[in-house]
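Summary of the model geometry
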Amino acid sequence: MDIRMHKFSDKVPEPTLRRLPWYLSNVKLMKERGETYVSSTQISKQINIDASQIAKDLSYVNISGRTRVGYEIDALIEVLERFLGFTHMHKAFLFGVGSLGGALLRDSGLHHFGLEIAGAFDVNPDIVGTEINGIPIYHSDDFEQMMKKYNVNIGVLTVPINIAQEITDKMVSGGIKAVWNFTPFRIRVPEDIVVQNTSLYAHLAVMFNRLNVNQD
Ligand SMILES: NC(=O)c1ccc[n+]([C@@H]2O[C@H](COP(=O)([O-])OP(=O)(O)OC[C@H]3O[C@@H](n4cnc5c(N)ncnc54)[C@H](O)[C@@H]3O)[C@@H](O)[C@H]2O)c1
């Protein structure tokens, strides 16, 4: 298989970055079924994406396949996990331990994808000083102090929308470099700060729309 290597300086396109974890999950599934090699054609059959697209996406990752047999599964899993940053833990602080924030603290899946929530912040006296899933919940006023104690550079934002910007500013001035924003507010940040907006509801709207189309 002739895989063109990309230079490390090449910026990986966002759609590729979103597909790679999907390949990883499926390749892991094939390994569980006892396979030792996997080709882009096999992955393609599982997830209904063009084999050429898969090969192109995988060309950003430092691995080469062999003609016909494809990629060695163990090597592919290892390389994908490393490439996607899932092998070492990225530490985060979460702001707003309400229904969504609490659920994220309880989610064991984040760990598998390389995110460790080291601590959370709220102002509700009923929950400050308690912990969820072993994660301590501090008062928001203690954030700056905790930034000195923990080696954290990611902030998860699950506060009410009306204070989304205020809390973002607080996180950034405290040294947070990337914000995973679950609020519907389009937060503003300095240029060097990474923002990832995430909404479960956006996917829901797509599902409802497709459901209606299918039922017409
Ligand atoms: N992206 C999504 O798919 C999605 C899904 C659900 C909710 N949301 C959004 O997430 C946010 C939280 O929603 P929720 O339903 O969990 O709300 P919630 O009211 O249950 O939780 C908000 C929490 O923020 C805390 N809080 C208030 N002021 C604070 C401060 N200064 N510092 C730290 N914490 C503070 C509150 O005490 C509360 O515990 C909202 O903005 C909501 O729109 C997004």
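Residues numbered from 1 in each chain as written. Predicted model: local features only at pLDDT ≥ 70, side-chain atom pairs only at ≥ 80, totals over all residues.

Going by what an unreviewed UniProt entry lists, the protein chain is known as Redox-sensing transcriptional repressor Rex. Of the comments in the UniProt record for the protein chain, the one headed Subunit (unreviewed entry) reads "Homodimer." The UniProt entry for the protein chain carries the following text under Subcellular location (unreviewed entry): "Cytoplasm". (UniProt positions renumbered as here; feature names shortened; annotations may be inferred.)

**A word on the site of the ligand**
As a matter of local geometry, the ligand sits amid 25 residues, with G96, G98, L100, T183 and L200 nearest to it. Those elements that place two or more of their residues in the shell around the ligand are α5 (99-106), β4 (115-122) and α9 (200-215). Considering each element in turn, the shell around the ligand owes the most residues, three residues, to α5. Class assignment for the residues of the shell around the ligand results in 14 nonpolar, 10 polar and one charged. (Near = placed C-beta within 6 Å. Helix = DSSP H or I, 4+ residues; strand = E, 2+ residues; numbered from the N terminus. Nonpolar A, V, L, I, M, F, W, Y, C, P; charged D, E, K, R; others polar.)

**Some thoughts on unusual backbone geometry**
Notably, N48 is not glycine yet its phi reads approximately 60°, a positive angle. Among the secondary structure elements, N48 is positioned in the loop between α2 (40-47) and α3 (51-58). We classify N48 as exposed; it has 6 C-beta atoms within 10 Å. Here N133, not a glycine, exhibits a phi torsion of approximately 60°, which is positive. (Buried ≥ 20, exposed ≤ 12 C-beta atoms within 10 Å, placed from the backbone.)

**A word on the UniProt feature "domain: CoA-binding" (unreviewed entry) in the protein chain**
UniProt tags residues 85-186 as "domain: CoA-binding" (unreviewed entry). Helix makes up 29% of residues 85-186 and strand 28%, with an end-to-end C-alpha separation of 26 Å.

**Focus on the sheet that holds strand β7 (residues 154-157)**
Judged by pairing direction, the sheet is mixed, and its seven strands sit side by side in the order β5-β6-β4-β3-β7-β8-β9 without closing on themselves. In this open sheet, the two strands that pair with only one neighbour each are β5 (131-132) and β9 (194-197). In terms of strand pairing, strand β3 (residues 90-95) meets β4 through six bridges, oriented parallel. Looking across to β4, one finds that K91 is bridged to E116. Where helix α8 (residues 164-174) meets the sheet, its contacts fall on β3, β7 and β8 (178-181), and the angle it forms with β7 comes to roughly 165°. (Pairing = 2+ DSSP bridges. Contact = placed C-beta atoms within 7 Å. Axes fitted to C-alpha atoms, helices over the stretch in contact; angles between N-to-C directions.)

**Examining the domain arrangement of the protein chain**
Quite often, the size of an interface is put as the accessible area lost when its parts meet. Splitting the protein chain by domain gives domain 1 (14-83) and domain 2 (90-202). A separation of 32 Å is found between the C-alpha centroids of domain 1 and domain 2. (Domains from an automatic or database assignment.)

**Here's the deal with the UniProt feature "binding site: NAD(+)" (unreviewed entry) in the protein chain**
As recorded in UniProt, the feature "binding site: NAD(+)" (unreviewed entry) lies at G96, V97, G98, S99, L100 and G101. If you trace the backbone, G96 turns up in the loop between β3 and α5. Overall, the presence of 25 C-beta atoms within 10 Å leaves G96 in the buried class. If we ignore the near neighbours within four places in the chain, the residues touching G96 are G101, D122, T158 and V159. By the element assignment, G101 lies in helix α5.

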